[in-house]
Amino acid sequence: MTSTTTTALPTTFAPRWVTAMLTTVLGTSAGGGAATSLGELDRQAGDGDFGTNLTSAFTRVQDEIQATSPQTFASWLTAVSRGFLGTGGTSGPLFGMFFRDIARCSTGDSPTLTELAAGLAKAVATVQRYGKAQVGHKTMVDALVPAAQKLSEQAAANVDPALALTAAVEAAQAGALTTRNIVARRGRASYVGEVSRGVLDPGAVAAALMIQCAAAAVDGHDGPVDTAWTR
């Protein structure tokens, strides 16, 4: 039996993942994107610039794609990384480094599930190292750590990639939802103390949506993902 963890994901995975993120965050002709609602979360318990920065980052991603015409997994995810690294705010550089590490997880046209899981784990470790955040601090880490742990477990168990990423999405969403009842201890939301309690952390929600877009891409989709769970 062929191992699902040593077989490369379809070469359509990267472009579909990036396209799904673009349409989810920026929206389509049929409706607005998640950047608006994420910005509103940040206005309730932060400085209110998260939605604007996210829009700027993914607009830069579009520019990078147009300028470089990516063909491999690494080049597609590098375009995302550069879009974020050129954006301000606390989360911009962290997401930029996050996607840079994922871009480096494979030298082939597309990673295996094992490579993707290892890349995600390394990317999350980088975010934690530079952001100095742990689970429970009400940051993107609350979604990313459980997602990375779950994907590594699924890869080790030779689970089908679509099922493995679905499990990672469920872990990421559950982690993001826990931030509603947490008082922020890192990031700019930490400045407002108890005001942040009762509000989902926009970084955690955005991170979970990015993992959700990866799962959609493996399943053959590149349109916006369902954001109903974030409300």
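Here we look at helix α6 (residues 113–131)
Argument step 1. Between the first and last C-alpha of α6 there are 26 Å, a value that for 19 residues agrees with the 27 Å anticipated at 1.5 Å per step.
Argument step 2. Looking at α6, one finds that the buried residues are Leu113, Leu116, Ala117, Gly119, Leu120, Ala123, Val124, Thr126, Val127, Gln128 and Gly131.
Argument step 3. Buried positions along α6 lie against α1 (13–26), α4 (73–85), α5 (91–103), α7 (141–156), α8 (161–178) and α9 (202–218).

Quick word on helix α3 (residues 50–68)
Argument step 1. With 19 residues, α3 should reach 27 Å at 1.5 Å per residue; the first-to-last C-alpha distance of 27 Å fits that figure.
Argument step 2. Along α3, the positions that sit buried rather than exposed are Phe50, Gly51, Asn53, Leu54, Ala57, Phe58, Val61 and Ile65. Down the axis of α3, the buried set is contained in an arc of 165°. They therefore lie on one face. Counted as exposed and oriented over 90 degrees from the buried face of α3: Thr52, Gln66 and Ala67.
Argument step 3. Contacts from the buried residues of α3 go to α1, α2 (34–45), α4, α5 and α9.

Quick notes on the packing of α1 against α9
Argument step 1. Here α1 crosses α9 at 135°, and the two axes come no closer than 8 Å. By the angle between their axes, α1 is oblique relative to α9. Crossing geometry of α1 relative to α9 is assigned as right-handed. Residues Phe13, Arg16, Trp17, Ala20, Met21 and Thr24 of α1 lie in contact with α9, whose contacting residues are Met210, Cys213, Ala214, Ala217 and Val218.
Argument step 2. Split into classes, the residues belonging to the contact of α1 with α9 amount to nine nonpolar, one polar and one charged.

Comments concerning the pattern of salt bridges
Argument step 1. Going through the model one piece at a time under the given rule, you end up with three salt bridges.
Argument step 2. In this structure, glutamate 64 engages arginine 82 in a salt bridge whose closest nitrogen and oxygen atoms are separated by 3.8 Å. Of this pair, glutamate 64 sits in helix α3 while arginine 82 is found in helix α4, placing the two residues 18 residues apart along the sequence.
Argument step 3. The class of glutamate 64 is partly exposed, set by a relative accessible area of 21%.
Argument step 4. Between lysine 150 and glutamate 153 there is a salt bridge whose closest N-O contact spans 3.6 Å. One end of the pair is lysine 150 and the other is glutamate 153, both in helix α7 and three residues apart, which spans about a single turn.

Focus on unusual backbone geometry
With the exception of glycine, most residues fall at negative phi, and the peptide bonds are largely trans.
Argument step 1. For lysine 132, which is not glycine, the phi torsion reads 55° and is therefore positive.
Argument step 2. With respect to the element layout, lysine 132 can be found in the loop between α6 and α7.
Argument step 3. Given the relative accessible area of 56%, lysine 132 is considered exposed.
Argument step 4. Phi is positive for lysine 138, close to 65°, though the residue is something other than glycine.
Argument step 5. Within the secondary structure, lysine 138 sits in the loop between α6 and α7.
Argument step 6. Residue classification places lysine 138 among the buried residues on the basis of a relative accessible area of 2%.

The rules behind each value
Residues numbered from 1 in each chain as written. Predicted model: local features only at pLDDT ≥ 70, side-chain atom pairs only at ≥ 80, totals over all residues. Heavy atoms only, no water. Helix = DSSP H or I, 4+ residues; strand = E, 2+ residues; numbered from the N terminus. Expected span 1.5 Å × (residues − 1). Buried < 20%, exposed > 50% of the residue type's maximum accessible area, 1.4 Å probe, protein only. Contact = heavy atoms within 4.5 Å. Arc of directions from axis to C-beta. Axes fitted to C-alpha atoms, helices over the stretch in contact; angles between N-to-C directions. Parallel < 35°, antiparallel > 145°, perpendicular 65-115°, else oblique. Left-handed = near helix turned anticlockwise from the far one by under 90°. Nonpolar A, V, L, I, M, F, W, Y, C, P; charged D, E, K, R; others polar. Salt bridge = Lys/Arg side-chain N within 4 Å of Asp/Glu carboxyl O.

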